[in-house]
Amino acid sequence: MSDRGSRIPGPRLIPRRLKLADPGRWPIGFALGVVLLAGFGLLALAPIVFDLPAPDEMDLLARLTGPSAAHPFGTDHLGRDVLARLIGAVPVSLGAALAAMAAILAISLPWGVVAGLAGGRVDAVMMRLADIIMAFPMLVLALAVIGFMGASLEASILGVAAAWWPSNARLVRALVLSASHRDFVRAAHLAGASRIRVVLRHVLPQVLPSLAVIISLETASVLLALSSLSFLGIGAQPPTPEWGAMLNEARPFFAQAPHMLIVPGLAVTLAVLAFNLVGEGMRSLLDKREPYRW
Amino acid sequence: MLTARGLSKRFHGRDVLRGIDLTIAPGEVVGLIGHSGAGKSTLARCLVGLERAEAGEITLAGEKVVPGKGNTRQRIQYLWQDPTQSLSPFLTATGAIMETLAGFDIGPRAGRLARAASLLETLGLPRALHDRRPHSLSGGQCQRVALARALAAAPQVLILDEPLSSLDLATQVSTIGLLREVHADTGLAMLIVSHDLAPLRQLADRILVLDASRVVEDLAMVDLACKAKHPLARAYAATL
């Protein structure tokens, strides 16, 4: 009893009654998105369970062969198993998208929170800086970073993060601004809560659900951008298996071996679709929630 | 106790407060009445620091203060018009009180939970409701939690902005009784903003009438009916 005396019952950042915890109430799109993402997760684990050929294992005698029992998705121009490369690309492509998203959030979240809460000149300066960066077309800015660092997957991740963070910072700022003007937030400050506590316990819990939706939708566009950069040859470099790079390698052989293009193309499409469906599903679920019962 | 001199405030080029002078003595309950848009809530919000007055000064116990800053935040507490919206949906009733006790470092840490429970019970919130969040409490119950939170800070002045306007009639009656009890027990100085004279008649020692951004009448409540000179004050007196 006495120990509990010093503890302040805090907000639940983890949903208590959110329908996310109840798959039976999921909208079909959201369920499909989750199943697709889970499927990609299982695919990434497949090499541990099954004896698959290495993604860069070449068999020059079996170049550009179509789907068969030995190579269910055929082989590429170097005789590499397309299925093995597709699976090998799951952690690379999705990992790159998640890493880029993490970098974007690492900048945009504190940037947006500080600008939204500080207001006045601090807000104006921070937002003008973001506006200046946003004035450049996103891909051009990403290309500039890659040009400076040299073509690589890491450079494309940083390039995309550099181009994408300002728009996300704007979104975070708008969410924080709206959240911090609620009566209960100002009341908490007057009632003695410190500034940090107000942010952590009253502002961020309001922002997080919307942020989760944004993250999911933005991850889809980041994945598409990274795949585009790899397709242009300035992202992941051969022989790294990556969906965009696989599409680039397949380009000259489209007529001869369409499976080389279709398989990674489908993977990118399904992954983008999965993130979009999950994002839209979360938005739908959160919009229907009872007030603050997440 | 709390004194304001020459408070002025403009919104969008329009004067909302013009040279307001106000004094609240220790233990005194002052009613602030006026039509909608007269500047009552703005004045209350300036006194607590939710709005910044463009001119004038505020002193508390003879010391010039900036409302909402430093220990003035604790010394002047505020009860919001809509208690449901002023309580965090992320905190239980107990959590709201605990936040104030911890924020102002009031009392020993180990005793805060018991203190919060005792305060809530004193204000008539049954123990079974202490772990509930605002959305599962009624307006009157939220008002009690909000009042308990304000009292937990052990303030010198309590400013109440239309404390009855969002409550039904029965709850208004019980809240008036509650405020009278609180005042009798604590001797707290209060400023009660209202557009309705009836509750102020039961609670206030003195009444300020605000019209067109100015204080047009400042009288003891008992003198309102016989000594009011301004037409608006006389109109209010006629409703008694």
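Residues numbered from 1 in each chain as written. Chains lettered and ligands numbered in written order. Predicted model: local features only at pLDDT ≥ 70, side-chain atom pairs only at ≥ 80, totals over all residues.

1. Remarks on the overall build of chain B
Broken down by element type, chain B carries 10 helices and 10 strands. Projecting the C-alpha coordinates of chain B onto the three principal axes gives extents of approximately 55 × 40 × 35 Å. Expressed as a percentage of its 240 residues, the buried residues of chain B come to 48%. Put simply, 64% of the contacts in chain B that link residues at least 6 apart link residues at least 24 apart. (Helix = DSSP H or I, 4+ residues; strand = E, 2+ residues; numbered from the N terminus. Buried ≥ 20, exposed ≤ 12 C-beta atoms within 10 Å, placed from the backbone. Contact = placed C-beta atoms within 7 Å.)

2. Comments concerning the overall build of chain A
A tally of regular secondary structure across chain A gives nine helices and zero strands. In chain A, the succession of helices and strands from N to C terminus is α-α-α-α-α-α-α-α-α. Considering only C-alpha atoms, chain A reaches an extent of 75 × 45 × 35 Å along its principal axes. By the burial criterion, 42% of the 294 residues in chain A qualify as buried. Sequence separation of at least 24 residues holds for 67% of the intrachain contacts in chain A that already meet a minimum separation of 6.

3. Description of helix H2 (residues 82–118) of chain A
All names here are of chain A. Taking 1.5 Å of rise per residue, 37 residues should cover 54 Å, and H2 covers 52 Å from first to last C-alpha, within 8% of that figure. Its maximal kink placed at Ala-89, H2 deviates by approximately 35 degrees, while the proline Pro-91 follows within four residues. Two residues or fewer past H2, Gly-119 is found with a positive phi of approximately 65 degrees. (Expected span 1.5 Å × (residues − 1). Bend = angle between axes of the 7 residues up to and from the residue.)

4. Quick look at the environment of Cys46(B)
Relative to the helices and strands, Cys46(B) resides in helix H1 (residues 40–48). In contact with Cys46(B), not counting residues within four places along its chain, are Leu7(B), Lys9(B), Leu17(B), Glu51(B) and Ala53(B).

5. Overview of the interface of chain B and chain A
Contacts between chain B and chain A engage 33 residues on the former and 22 residues on the latter. Of all elements in the fold, only helix H2 (72–75), helix H3 (83–86), helix H4 (93–103) and helix H5 (112–122) of chain B reach the threshold of two or more residues within the side of chain B that touches chain A.

6. Quick notes on helix H5 (residues 153–180) of chain A
Between the first and last C-alpha of H5(A) there are 38 Å, a value that for 28 residues agrees with the 40 Å anticipated at 1.5 Å per step. Largest kink in H5(A): about 35 degrees, centred on Trp165(A), with the proline Pro166(A) one to four residues after it.

7. A look at unusual backbone geometry
The omega torsion across Pro238(A) and Pro239(A) is 5 degrees, close enough to zero to call that bond cis. Non-glycine residue Ala154(B) carries a positive phi angle of around 50 degrees. Counting through the fold element by element, Ala154(B) comes out in the loop between helix H6 (139–152) and strand S7 (157–161). Judged by the 16 C-beta atoms lying within 10 Å of it, Ala154(B) falls in the partly exposed class. Notably, Ala212(B) is not glycine yet its phi reads approximately 45 degrees, a positive angle. Taking the number of C-beta atoms within 10 Å as the measure of exposure, Ala212(B) has 13 and is therefore partly exposed.

8. With respect to the sheet that holds S7(B)
Residue and element names in this part refer to chain B. Strand order in this open sheet of six strands is S6-S7-S8-S3-S9-S10, and the pairing throughout is mixed. Strand pairing shows two members of the sheet lacking a second neighbour, strand S6 (76–79) and strand S10 (214–220), which therefore form its edges. On average, each strand axis in the sheet is tilted by 20 degrees relative to the strand beside it, whichever way the strands run. Pairing between strand S3 (residues 29–34) and strand S8 (residues 189–194): five bridges, direction parallel. Across the sheet, residue Leu-32 finds its bridge partner in S8, namely Val-193. On the sheet, H1 packs against S3, S6, S7, S8 and strand S9 (206–211) and is oriented at approximately 150 degrees with respect to S7. (Pairing = 2+ DSSP bridges. Axes fitted to C-alpha atoms, helices over the stretch in contact; angles between N-to-C directions.)

9. Considerations on the packing of H2(A) against H5(A)
Residues and elements named next belong to chain A. The interhelical angle for the contact between H2 and H5, taken along N-to-C directions, is 35 degrees, at an axis separation of 6 Å. Note that H2 runs across H5; the crossing there is right-handed. Of the residues assigned to the contact of H2 with H5, the class counts are 22 nonpolar, five polar and one charged. (Left-handed = near helix turned anticlockwise from the far one by under 90°. Nonpolar A, V, L, I, M, F, W, Y, C, P; charged D, E, K, R; others polar.)

10. Re the pairing of S10(B)
All names here are of chain B. One ladder, built from six bridges, connects S9 with S10; its direction is antiparallel. Looking at S10, one finds that Arg-206 is bridged to Ala-220. A loop of two residues connects S9 with S10, the two strands running antiparallel in sequence, and Ala-212 in this loop sits at a positive phi of about 45 degrees.

11. Side note on the sheet that holds strand S4 (residues 55–60) of chain B
All names here are of chain B. Pairing within the open sheet is antiparallel, and its four strands lie in the order S2-S1-S4-S5. Each of the sheet's edge strands pairs with one partner strand only, and the pair in question is strand S2 (14–24) and strand S5 (63–65). Averaged over neighbouring strand pairs, the angle between their axes works out to 30 degrees when direction is ignored.

12. Points about the nonpolar core
If you look at the biggest cluster of nonpolar residues, it comprises 150 residues, and the most contacted ones within it are Ala100(A), Val160(A), Val145(B), Ile159(B), Leu191(B) and Ile192(B). A per-element tally of this core places H2(A) first, with 18 residues. Ignoring any residue separated from it by four or fewer positions in sequence, one finds Val160(A) in contact with Ala100(A), Ala142(A), Val222(A), Ala225(A) and Leu226(A). (Core = buried A, V, L, I, M, F, W, Y, C linked by C-beta atoms within 7 Å.)

13. Notes on the confidence of the model for chain B
Residue and element names in this part refer to chain B. Model confidence for chain B is summarised by a mean pLDDT of 91, while 100% of its residues fall at 70 or above. Taken element by element, the predicted model of chain B shows its lowest mean pLDDT in S5 (87) and its highest in H4 (95). Scored as a complex, the prediction yields pTM 0.80 and ipTM 0.88. (pLDDT = per-residue confidence, 0-100.)

14. Comments concerning the confidence of the model for chain A
All names here are of chain A. Put simply, chain A has an average pLDDT of 89, and 90% of its residues get 70 or more. This model gives residues 1–7 a pLDDT under 50, and the stretch forms 11 contacts once residues within four places in sequence are excluded. This model gives residues 10–16 a pLDDT under 50, and the stretch forms 11 contacts once residues within four places in sequence are excluded.

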